[in-house]
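# A closer look at the structure
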Amino acid sequence: MSKKVFVTREIPERGLLLLREHFTVKVWPEELPPPRDVLLREAGDADGLVTLLTDRVDAELLDHAPRLRIVSNYAVGYDNFDLRAATARDVMMTNTPGVLTETTADLAFALLMAVARRIVESVDFVKRGQWKTWGPQLLLGQDIHGATLGLVGLGRIGLSMARRAKGFDMQVLYSDVARNEAAERELGLTFVDLETLLRQSDFVSLHVPLTPATRHMLNRESLKLMKPTAVLINTARGAVVDEEALYHALKSHHLAGAGLDVTDPEPMELSNKLLSLENVVVVPHIASASVKTRTRMAVMAAENMVAGLSGRRPPNILNPKAIPFP
Ligand code: DGY
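## A few points about the nonpolar core
- V7, L19, L189 and F203 are the most contacted members of the largest nonpolar core, which has 57 residues in total.
- Three or more residues apiece are contributed to this core by two domains, here domain 1 (4-97 + 291-322) and domain 2 (101-282).
- Not counting residues up to four positions away in its chain, the partners in contact with F203 are L112, A116, D143, I144, A147, T148, L149, G150, M170 and V231.
- V204, A245, L246 and L250 belong to the second-largest nonpolar core, a separate cluster that totals 30 residues.

Now the structure itself:
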């Protein structure tokens, strides 16, 4: 009998086709994530789950899922997974690293440029009919070329940001748990501690996973270290930033602007005070949202599933100890 896979949303067709070649596939057809009771019920009958970052996979779910062998996240981030609980139950967990790196860095850089050059404000200005003439002081922004970019986290996406920044003649600082001397040599990056990075950067871009150590890494104290002319970009996870503290820093002009692809919670509520500020650009977690990249992610998520349920090591296994075969 063919194995059963539940997919928690309509992912791009190529991924679904690949899954359907091998398994009996059920796809949750709604725009919103399956409610928790539905997810638990479906997990209870599945050999594999393809999940999104909006689906929590924890001990409770795993205990509802006696046949479950693999959960394949359609995302590189996996803070929705309890890896330890999965490993303890021999459930393999996978993600989609690499394929979304450049697309995510594109969006991070686009946000940086949008905030620095007040693009969204300018578009609104034109649409509201306020453009009367060329103005010597109209919508003045900040230069990107020649400025200092601070990368918090120099993983794949941070490194791709550094490459873009070099094209703009930016000086690039980075902080991370470990140095990357090869990247320093190749791109002329400077390794500094987080405090120095926050004090010296004109733009700070976050590229760390959400973990207990990075939750609210940008908080009241750390935001205070930033220059009043600085801009914060977050394409990592919303909870890396304390949004209440960010609002106060922006409102009191201790910080010049912010570009957010991710918020905490998601979606950001319309009543969120950050949306009342002109110097904040918020987009709905679309950093990896290009046609090509989302297709690649779908295929990769499917390939992980096919391997795991066919007795092969999934290429992007997060918890190798849970692999039941040699
Ligand atoms: C991820 O993959 O973790 C992004 O946040 C969405 O693509």
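## A closer look at a nonpolar patch on the surface
- Together, I119, V120 and V123 make up an exposed nonpolar region whose accessible area comes to about 220 Å².
- Positionally, V120 belongs in helix α6 (residues 119-127).
- Residue class for V120 comes out partly exposed when judged on its relative accessible area of 39%.

## Some remarks on the sheet that holds strand β12 (residues 280-282)
- Strand order across the open sheet formed by seven strands is β8-β7-β6-β9-β10-β11-β12, with parallel pairing between neighbours. With partners counted over all chains shown, the strands left at the sheet margins are β8 (190-191) and β12, one partner each.
- As judged from the three bridges shared by strand β11 (residues 257-260) and β12, these two strands associate in the parallel manner. Bridging from a neighbouring strand, A258 pairs with V280 of β12.
- Together, β6 (148-152), β7 (171-175) and β9 (203-206) form the strand contacts of helix α7 (residues 156-167), whose direction differs from that of β6 by roughly 175 degrees.
- Packed on one face of the sheet, helix α11 (residues 243-251) meets β10 (231-234), β11 and β12 and runs near 145 degrees to β11.

## Considering the pairing of β10
- Judged by which residues are buried, β10 turns out to be covered on both faces: V231 and I233 on one side and L232 and N234 on the other are all buried.
- Bridge count between β9 and β10: four bridges; the pairing is parallel. The residue bridging F203 from the neighbouring strand is V231, located in β10.
- For the crossover that starts at β9, traverses helix α10 (residues 220-225) and ends in the parallel β10, the hand is right-handed.
- Note that β10 and β11 share four bridges and pair parallel. The residue of β11 that forms the bridge with L232 is A258.
- Handedness of the β10-α11-β11 crossover: right-handed.

Scoring rules and cut-offs
- Position labels on residues start from 1 in each chain and follow its written sequence.
- With pLDDT at 70 or above as the cut-off, local features in this predicted model cover only qualifying residues; side-chain atom pairs require 80 or more to be listed or tallied, and sums for whole chains, interfaces and linings still use all residues.
- Think of the side-chain values as coming from all heavy atoms in the structure, minus any hydrogens and water.
- What we call a nonpolar core is a set of buried Ala, Val, Leu, Ile, Met, Phe, Trp, Tyr and Cys residues that are connected through their side-chain atoms within 4.5 Å.
- Each residue is placed in one exposure class: buried if its accessible area under a 1.4 Å probe, protein chains only, is under 20% of its type's maximum, exposed if it is over 50%, and partly exposed if it falls in between.
- Segmentation of the chain into domains, including their bounds, is taken from an automatic or database domain assignment.
- We call two residues in contact when some of their heavy atoms are within 4.5 Å.
- Patch membership needs two things, relative accessible area over 30% and no salt bridge, and members are linked within 9 Å if like-charged or within 5 Å if nonpolar (Val, Leu, Ile, Met, Phe, Trp, Tyr).
- The Shrake-Rupley method, run with a 1.4 Å probe, gives the accessible areas here. Residue values count only the displayed protein chains as cover.
- By definition here, a salt bridge exists when the distance from a side-chain nitrogen of Lys or Arg to a carboxyl oxygen of Asp or Glu is within 4 Å.
- Under the DSSP-based scheme used, a helix requires at least four consecutive residues in state H or I and a strand at least two consecutive residues in state E, with every element numbered from the N terminus.
- At least two DSSP bridges between two strands are required for those strands to pair.
- Axes, fitted as lines to C-alpha atoms, cover a helix only where it is in contact. Angles between the N-to-C directions of the axes lie from 0 to 180 degrees.
- By the criterion used throughout, a crossover qualifies as right-handed when its path from the first strand across the helix to the second strand runs clockwise, the strands pointing away from the viewer.

In short, shape yes, function no, at least from these values alone.
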